Amino acid sequence: MERSRRDDIDAQDRIEVRASGPLEGTVAIGGAKNSVLKLMAACLLTEGTFVIRNVPDIEDVAVMGEVLRSMGVSVSRSDHVLTINRPESVTPEAPYALTEQLRASTAVLGPLLAGIGHARVALPGGDDFGPRPIDMHVAGLEAIGCQFEVSGGDVIATADNLVGNPVLLEYPSVGATENVMMAAVRAKGTTVIDNAAREPEIADLAGFLNHMGGQVAGAGTSTIVVEGVEELHPVEHTAVSDRIEAATFLAALGMAGGEITLVGARPDHMAMLCRKLGDMGVRTSADPDGIWAMCSGRLRSADVSTLPYPGLPTDCKPLLVAMLSVAEGVGIVTENLFSGRFRYVDELVRMGADIRTEGHHAVIRGVDRLSGAPVRASDIRAGAALVVAGLAADGVTLVSDPHHIDRGYEDFTGKLSALGADVRRERPGG
Ligand code: EPU
């Protein structure tokens, strides 16, 4: 088949990694992607000018900016600060061209329903993780008075009267908890969300809503109580630090060895991960600047099971699998959140890893060294894990489709090379 020009451009955009180490120095951890995207959506709740600080310069934030702009909201960005001006009237629609690029754009549902009483949001469709429905978002929002229908691939939602009610989530879904919280903030009466997700990004969003004049209690626990209020006002807010970006640099340290400080990282948000990394031979401790970490010698294997926060994050799993590929012994990894999140495993196997997957499980027998190979990033975290794997691989690892990594990491290669890693981005045109 003939190659298109686009294929040629994509083929030239790649990350080249060579065996590296030891890493040393400091790396600044940015604001959390998964918080900023929801804070941006929450700006739809009321008219006025919002300022969000500590915003990473990443593609997903750019796409969420487009989602808001397509509704008539003005969004400007400069030096990690977003200024969002929500006019009095907005077009409450998110088109497929944008939602298919960013599943998190469904976070506009709750604020649009609370802010103007209706929304039309294109369903984002499936992705590499397997099916990712929004049935729990819908059930939670229905419990507080929203109505839904699906037409032409869009969810059409209306809310004439939002009323506080008990909402029992079937599973502590991050997105469903956030959507219900953002709608309930303007409902009449009290909403109690039980089996709520407890992620630090949820607590950050609750802080934002409270600062706006909302009354949200218990965020960060599995019971969130939202007293509806009649009025909200725009605010300035600094986003919480990105625990998954921090985890990614800890994984890089595990692969390459060395001693680094993650400036701005929150050890209190990463307790389970730091404990697991400790079992594997990466020492971490709280530091006045963030997290100090050190690793020397060969990593040790451990078993890993992903769970909702405060369990081990599914987003760290590809990183841990990369580390286990070169650890001493055998590790069993179990994915409990998504039905398919092992696609990068075939790429690690191409690099010489000994991994067998069966359903939700992977068995990893550590090998002494990986060997560099051309591999493809299939999502944000898988892409980051392949770059990290390349740090402990002989020869050259070429990671193609690095645009997936750009969705969630600001200047990933620049930050890694500043720590001494032999990593560089090759862009089309040189
Ligand atoms: N689920 C349903 N129905 C729903 C909602 C979720 O069946 O209505 C299922 C999902 O299919 C999945 C599980 O519940 O199997 C967990 O989904 P959850 O709603 O908790 O995840 P999310 O809100 O879609 C966020 C992060 C993900 C992260 C997960 C789990 C954002 C933008 N995304 O997704 O982050 O993996 O929580 O912690 O906040 C990433 O950053 O690379 C990323 C994928």
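The rules we used
- Sequence order sets the numbering: in each chain, residues are counted from 1 along the sequence as written.
- With the structure being a predicted model, the display of local features is reserved for residues of pLDDT at least 70 and the display and counting of side-chain atom pairs for 80 or more, all residues being used for whole-chain, interface and lining totals.
- To get the side-chain values, all heavy atoms of the structure are used, and hydrogens and water are removed first.
- Two strands make a pair as long as DSSP finds a minimum of two bridges between them.
- Put simply, DSSP H or I for four residues or longer makes a helix, DSSP E for two residues or longer makes a strand, and each gets a number counted from the N terminus.
- Helix axes are fitted to C-alpha atoms over the stretch in contact, other axes to C-alpha atoms as well, and angles between N-to-C directions run from 0 to 180 degrees.
- Contact between two residues is taken to exist if any of their heavy atoms lie within 4.5 Å; hydrogens are not considered.
- By definition in this entry, angles of less than 35 degrees are roughly parallel, angles greater than 145 are roughly antiparallel, angles of 65 to 115 are roughly perpendicular, and the rest are oblique.
- Should the near helix be turned counterclockwise from the far one by less than a right angle, the crossing is left-handed, whereas a clockwise turn marks it as right-handed.
- Here the nonpolar group is Ala, Val, Leu, Ile, Met, Phe, Trp, Tyr, Cys and Pro; Asp, Glu, Lys and Arg are the charged ones; every other residue, Gly included, is treated as polar.
- By convention in this text, a residue qualifies as near a molecule or strand provided that one of its non-hydrogen atoms is within 4 Å of it.
- Under the rule applied, a polar contact is a pair of N or O atoms within 3.5 Å (in protein, one hydrogen donor and one hydrogen acceptor; residues adjacent in sequence only if both atoms are side-chain atoms).
- Using a 1.4 Å probe, the Shrake-Rupley method yields the accessible areas, and only the shown protein chains count as cover for residues.
- Within 6.5 Å between ring centres, the rings of Phe, Tyr and Trp (the latter by its six-membered ring) count as paired, and their orientation is classed by plane angle as stacked under 30 degrees, edge-to-face over 60, tilted in between.
- The buried label goes to any residue with under 20% of its type's maximum accessible area, the exposed label to any with over 50%, and the partly exposed label to all in between, with areas taken from a 1.4 Å probe on protein chains only.
- Here, a charge over a ring means that NZ of Lys or CZ of Arg falls within 6 Å of the ring centre while also lying within 35 degrees of the ring normal.
- For the domains described, the bounds stem from an automatic or database domain assignment.
- By buried area we mean the combined loss of accessible area, with a 1.4 Å probe, across both parts when two parts are placed together.
- Remark: nonpolar core denotes a set of buried residues (Ala, Val, Leu, Ile, Met, Phe, Trp, Tyr, Cys) joined through side-chain atoms within 4.5 Å.

Below, the discussion takes up the sheet that holds strand E1 (residues 14–18). With mixed pairing, the four strands of this open sheet are ordered in space as E23-E25-E1-E26. Pairing within the sheet leaves two strands with one partner each, and these edge strands are strand E23 (374–376) and strand E26 (422–426). Here the average twist between neighbouring strands, direction ignored, is 20°. Two strands pair when backbone bridges link them, and E1 and E26 are joined in this way by five bridges, in the antiparallel orientation. Bridge pairing in E26 places arginine 14 opposite glutamate 426. Together, E1, E23, strand E25 (396–400) and E26 form the strand contacts of helix H13 (residues 380–390), whose direction differs from that of E25 by roughly 170°.

Here we come to the packing of helix H2 (residues 33–42) against helix H8 (residues 200–211). Running from amino to carboxyl end, H2 crosses H8 at an angle of 30°, the nearest separation of the two axes being 9 Å. The orientation of H2 with respect to H8, classified from their angle, is roughly parallel. The crossing of H2 and H8 is right-handed. Residues Asn34, Ser35, Lys38, Leu39 and Ala42 of H2 lie in contact with H8, whose contacting residues are Glu201, Asp204, Leu205, Phe208 and Leu209. Of the residues assigned to the contact of H2 with H8, the class counts are five nonpolar, two polar and three charged.

Okay, the sheet that holds strand E5 (residues 81–86) next. Strand order in the open sheet made by the four strands is E4-E5-E3-E14, with mixed pairing throughout. At either margin of the open sheet sits one strand with a lone partner, and together these are strand E4 (74–78) and strand E14 (236–238). Across the sheet, the axes of successive neighbouring strands diverge by a mean angle of 15°, strand direction being ignored. In terms of strand pairing, E4 meets E5 through five bridges, oriented antiparallel. Pairing of serine 76 across the sheet is with threonine 83, part of E5. Of the strands in this sheet, strand E3 (48–53) and E14 touch H8, which is tilted by about 160° from E14.

Taken together, 22 residues lie near the ligand, and Asp135, Met136, Ser173, Asp315 and Leu337 sit nearest. At 2.8 Å from an oxygen atom of the ligand is found a main-chain nitrogen or oxygen belonging to valine 174. In the environment of the ligand, an oxygen atom lies 2.9 Å from a nitrogen or oxygen atom belonging to the backbone of glycine 175. When the free accessible area of the ligand is taken as 820 Å², the share hidden by the protein chains comes to 87%. The set of elements that each furnish at least two residues to the shell around the ligand consists of H2, helix H6 (135–143) and helix H7 (174–184). Across the shell around the ligand, the residue classes tally to 10 nonpolar, five polar and seven charged.

For the rest of this paragraph, the subject is the packing of aromatic side chains. Under the counting rule described, the total for this entry stands at three aromatic pairs. Here the aromatic rings of phenylalanine 50 and phenylalanine 208 are separated by 6.0 Å at their centres, their planes lie at 25°, and the arrangement is stacked. Here the residue phenylalanine 50 occupies a position in strand E3, and phenylalanine 208 occupies one in helix H8, the gap between them amounting to 158 residues. The two residues phenylalanine 50 and phenylalanine 208 agree in class, both being buried. Geometrically, the ring pair formed by phenylalanine 249 and phenylalanine 412 is edge-to-face, given 5.9 Å between the ring centres and 65° between the ring planes. Of this pair, phenylalanine 249 sits in helix H9 (residues 243–256) while phenylalanine 412 sits in helix H15 (residues 412–418); the two residues are 163 residues apart in sequence, bridging distant segments of the chain. By relative accessible area, which is 1% here, phenylalanine 249 ends up buried. A residue is classified by how much of its surface remains accessible, and phenylalanine 412, at 5% relative accessible area, is buried. What links up through ring pairs into an aromatic cluster is the set Phe249, Tyr409 and Phe412. One cation-aromatic arrangement involves lysine 317 over phenylalanine 342; the distance from NZ or CZ to the ring centre is 3.8 Å.

Relative to the elements of secondary structure, histidine 233 occurs in the loop between strand E13 (223–227) and E14. For the pair histidine 233 and alanine 252, spaced 19 residues apart in the sequence, the C-alpha separation amounts to 42 Å. Not counting chain neighbours up to four residues away, the residues in contact with histidine 233 comprise Thr46, Phe50, His211, Met212 and Gly213. A polar contact is formed between the side chain of histidine 233 and the backbone oxygen of histidine 211, at a distance of 3.5 Å.

This part covers the domain arrangement of the protein. For the protein, the assigned domains read domain 1 (2–30 + 241–426) and domain 2 (33–238). The distance between the C-alpha centroids of domain 1 and domain 2 comes to 30 Å. Contact residues are listed per partner, giving 23 residues for domain 1 and 22 residues for domain 2. Counting each side, the surface lost to burial between domain 1 and domain 2 is near 1,900 Å², with a carbon and sulfur contribution of 48%.

Next up on the list: the nonpolar core. Ranked by internal contacts, the top residues of the largest apolar core, which has 74 residues, are Met255, Leu262 and Leu348. Here the element with the most residues in this core is H9; it accounts for 10 residues. If near-sequence neighbours (up to four positions away) are discounted, methionine 255 is found in contact with Leu299, Ala322, Met323, Val326, Leu370, Val388, Ala389, Leu391 and Ala392. Ranked by size, the runner-up nonpolar core spans 72 residues in total, among them Leu44, Leu98, Phe148 and Val235.

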